[in-house]
Structure formats: structure tokens, C-alpha cells
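Below, each chain spelled out in residue letters.
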Amino acid sequence: QVQLVESGGGLVQAGGSLRLSCAASGRTFSSYAMGWFRQAPGKEREFVAGVTWSGGSTDYTASVKGRFTISRDNAKNTVYLQMNSLKPEDTAVYYCAADQSEYRYYVSRVAYTYWGQGTQVTVSS
């Protein structure tokens with residue numbers, strides 16, 4: 001079993017920044033890719049960013065490229081999402097997720113088994 005706990009959400013003005021953290025426990029964190037997803041009211045959950053187990057490869061949805069950065073610290077069992085130049089359309093509940101397979105060499109946008117409880121990000125205009 002894997003436990004994922006997100007933190008760092010909050011209310012920020014457009015153009016501002018937030019850094020989300022996700023602390024993992026319960027299995028070998030460093031062996032699995034990690035991802036961030038978000039769900040806005042009335043919309044389906046969408047992939048935001050992902051990072052491979054080694055941190056060597058990342059992937060982003062088009063709307064956040066150049067503004068968001070995903071990273072991980074395997075020594076701390078933590079994955080981060082640095083969000084800059086935030087826009088009102090980034091408002092959503094953000095979820096951390098863990099890949100179902102070990103040592104995947106690419107970032108999947110769908111193969112996630114474990115999920116955190118989510119953290120609210122609200123961007124005011």
C-alpha cells in the first residue's frame with residue numbers, strides 16, 4: 001500500500017506562484033514514476049505533469065509547459081510541482097499519483113494506481 005499526502009495549495013493572485021509537495025510512504029518511492037493531476041469543478045481530472053523514477057524525464061500538458069516544473073527528491077520520498085505565472089484557469093484540486101509499474105522509462109499519462117487526497121489551488125484574477 002502507498003500513502004500520498006499533498007500540501008502547499010492555497011489562494012494566490014494571477015501571476016503568482018505556489019509549490020506543491022507530495023510526500024510518499026509505503027513502498028520504494030524511488031522505483032516509480034510520479035505524476036500530478038488536477039480536477040476543476042465540473043470538469044474531468046486531467047494530467048498536468050509527470051516525472052520518471054530517476055527524474056531523468058518529464059512530461060507536461062501543453063497548457064502548463066514553461067510555467068510549471070515537476071521534480072522529485074528520492075532521498076526525501078517527495079515530489080514537487082513548482083507553479084509559476086498562475087492563471088485563473090489553473091484553479092483546481094491538485095492530486096499527486098504514483099505509477100503502477102516500477103522503472104518505467106517514460107512518463108505515462110494514465111498508468112497511475114495510487115492517489116493522494118488532493119490540495120486546493122485557487123487563482124484569483
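Model, not experiment: these values are computed from the prediction.

Calculation criteria
- Residues numbered from 1 in each chain as written.
- Predicted model: local features only at pLDDT ≥ 70, side-chain atom pairs only at ≥ 80, totals over all residues.
- Heavy atoms only, no water.
- Salt bridge = Lys/Arg side-chain N within 4 Å of Asp/Glu carboxyl O.
- Helix = DSSP H or I, 4+ residues; strand = E, 2+ residues; numbered from the N terminus.
- Buried < 20%, exposed > 50% of the residue type's maximum accessible area, 1.4 Å probe, protein only.
- Pairing = 2+ DSSP bridges.
- Phe/Tyr/Trp six-rings, centres within 6.5 Å; stacked < 30°, edge-to-face > 60°.
- Lys NZ or Arg CZ within 6 Å of the ring centre and 35° of its normal.

Colleague: Describe the pattern of salt bridges, with residues and values.
Modeller: Using the criterion set out here, one finds five salt bridges in the structure. Its salt-bridge partner being Arg-38, residue Asp-90 comes within 2.9 Å of it at the nearest N-O pair. Here the residue Asp-90 occupies a position in the loop between strand E8 (78–83) and strand E9 (92–102), and Arg-38 occupies one in strand E4 (residues 32–39), the gap between them amounting to 52 residues. In this structure, the salt-bridge partner of Arg-67 is Asp-90, at a minimum N-O distance of 2.8 Å. Linking Arg-67 in the loop between strand E6 (58–60) and strand E7 (68–73) with Asp-90 in the loop between E8 and E9, this pair joins segments that are 23 residues apart in sequence. Taking the relative accessible area as the measure of exposure, Arg-67 reaches 11% and is therefore buried. According to the relative accessible area criterion, Asp-90 is buried, its value standing at 1%. Overlapping salt bridges, with partners in common, bring together Arg-38, Glu-46, Arg-67 and Asp-90 in one network.

Colleague: How would you sum up the pairing of strand E5 (residues 46–51)? Please name residues and give values.
Modeller: Taking burial as the measure, the six residues of E5 include five buried ones, the bulk of the element. Pairing analysis gives five bridges linking E4 to E5, with the strands arranged antiparallel. In the sheet register, Arg-38 faces E5, and the bridge partner there is Glu-46. What sits between the antiparallel neighbours E4 and E5 is a turn of six residues, in which Gly-42 has the positive phi angle 80 degrees. Pairing of E5 with E6, which is carried by three bridges, proceeds in the antiparallel orientation. Considered in E6, the bridge of Ala-49 is made with Tyr-60. Here E5 folds back onto E6, and the loop between the two strands holds six residues, one of which, Gly-55, carries a positive phi near 85 degrees.

Colleague: Lay out the packing of aromatic side chains in plain terms, naming residues and giving numbers.
Modeller: With the rule as written, the count across this model stands at six aromatic pairs. For the ring pair Phe-37 and Trp-115, a centre distance of 4.8 Å and an interplane angle of 65 degrees mean the geometry is edge-to-face. Here Trp-115 lies in strand E10 (residues 112–115) and Phe-37 lies in strand E4, a separation of 78 residues in the sequence. Ring pairing ties together the aromatic residues Phe-37, Phe-47, Tyr-112 and Trp-115, which thus form one cluster. One Lys or Arg, Arg-27, reaches over the ring of Tyr-32 and ends 3.3 Å from the middle of that ring. One cation-aromatic arrangement involves Arg-45 over Trp-115; the distance from NZ or CZ to the ring centre is 3.6 Å.

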